[in-house]
Amino acid sequence: QVQLVESGGGLVQAGGSLRLSCAASGSIVKIKDMGWYRQAPGKERESVAVITKGGNTNYADSVKGRFTISRDNAKATVYLQMNNLKPEDTALYYCNVITTPWDYNYWGQGTQVTVSS
């Protein structure tokens, strides 16, 4: 079992920045991929950014050049630095980890990001 605790969401004006954090506990030695997803009202949950244990990253086209994902394996924590935020980035952001050996998914409770125009 893995437990995830997110922090760092909030209200920011367009063009501003926020940094999300997600700390994992429990069976952290089994964690391989860590990532962030988001879900806006009336929309499906979508992948924002993913980082492998080796540091390879993948971003949604809509956030490339503005968001940066990173992780601290020693602390079992993943971060999402969000710059130049836009109103369309407003959503509930969820932390996600995938564990070995069965690719089991764990989700955080979500942290709200609201960007005003």
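Up top is the structure these notes are about.
Model, not experiment: these values are computed from the prediction. Numbering of residues starts from 1 in each chain and follows the order in which that chain's sequence is written. Under the rules for a predicted model, residues below a pLDDT of 70 receive no local features and side-chain atom pairs below 80 are neither given nor counted, while totals for whole chains, interfaces and linings still include all residues. Processing note: side-chain calculations cover all non-hydrogen atoms of the structure and skip hydrogens and water entirely.

### Comments concerning the sheet that holds strand S1 (residues 2-7)
Moving on, step 1. Taken in spatial order, the four strands line up as S1-S3-S8-S7 in an open sheet, and their pairing is antiparallel. The two strands at the open ends of the sheet, each matched to only one other strand, are S1 and strand S7 (67-72). For this sheet the average axis-to-axis angle between neighbouring strands, irrespective of direction, equals 15 degrees.
Moving on, step 2. Strand pairing requires that DSSP identify at least two bridges connecting the strands. Helix and strand assignments come from DSSP, with helices taken as H or I runs of at least 4 residues and strands as E runs of at least 2, each series counted from the N terminus. Where S1 meets strand S3 (residues 18-26), six bridges bridge the pair, whose relative direction is antiparallel. Bridge pairing in S3 links Gln3 to Ser25. Only the stretch in contact is used when fitting a helix axis, every axis being a line fitted to C-alpha atoms; angles between N-to-C directions are given from 0 to 180 degrees.

### Overview of the state of the cysteines
Moving on, step 1. A pair of cysteine sulfur atoms is labelled a disulfide when the two atoms are within 2.5 Å. In this structure the tally under the stated criterion is one disulfide.
Moving on, step 2. A disulfide bridge connects Cys22 with Cys95, and the sulfur atoms are separated by 2.1 Å. Between Cys22 and Cys95, the S-S dihedral sits near -80 degrees, and the bridge is therefore left-handed. Here Cys95 lies in strand S9 (residues 91-99) and Cys22 lies in strand S3, a separation of 73 residues in the sequence.
Moving on, step 3. The class for Cys22 is buried, based on a relative accessible area of 0%.
Moving on, step 4. Accessible area is worked out with a 1.4 Å probe on protein chains only. A residue is then buried under 20% of its type maximum, exposed over 50%, and partly exposed in between. Classification of Cys95 as buried rests on a relative accessible area of 0%.

### Quick word on the nonpolar core
Moving on, step 1. Formed by 31 residues in total, the largest nonpolar core has its most connected members in Trp36, Leu80, Met82 and Tyr93.
Moving on, step 2. At the level of elements, S1, S3, strand S4 (31-39), strand S5 (46-51), S7, strand S8 (77-82), S9 and strand S11 (111-116) are the ones that each hand at least two residues to this core. The set of buried Ala, Val, Leu, Ile, Met, Phe, Trp, Tyr and Cys residues whose side-chain atoms join them within 4.5 Å is what this entry labels a nonpolar core.

### Some thoughts on unusual backbone geometry
Moving on, step 1. In this structure, the amide linkage connecting Thr100 to the following residue, Pro101, adopts the cis form with an omega of 0 degrees.
Moving on, step 2. Secondary-structure assignment places Pro101 in the loop between S9 and strand S10 (104-107).

### Remarks on the packing of aromatic side chains
Moving on, step 1. By convention, a stacked pair of Phe, Tyr or Trp rings (six-membered ring in the case of Trp) has centres within 6.5 Å and planes under 30 degrees apart, an edge-to-face pair has planes over 60 apart, and any other such pair is tilted. What the rule picks out here adds up to three aromatic pairs.
Moving on, step 2. Feature note: the residues Tyr37, Tyr94 and Trp107 constitute an aromatic cluster, connected by ring pairs.
Moving on, step 3. Two thresholds decide whether a charge sits over a ring: the Lys NZ or Arg CZ must be within 6 Å of the ring centre and within 35 degrees of the ring normal. Over the face of the ring belonging to Tyr94 we find Arg45, whose NZ or CZ atom lies 3.8 Å from the ring centre.
Moving on, step 4. It is Arg45 that lies over the ring of Trp107; its NZ or CZ is 4.5 Å from the centre.

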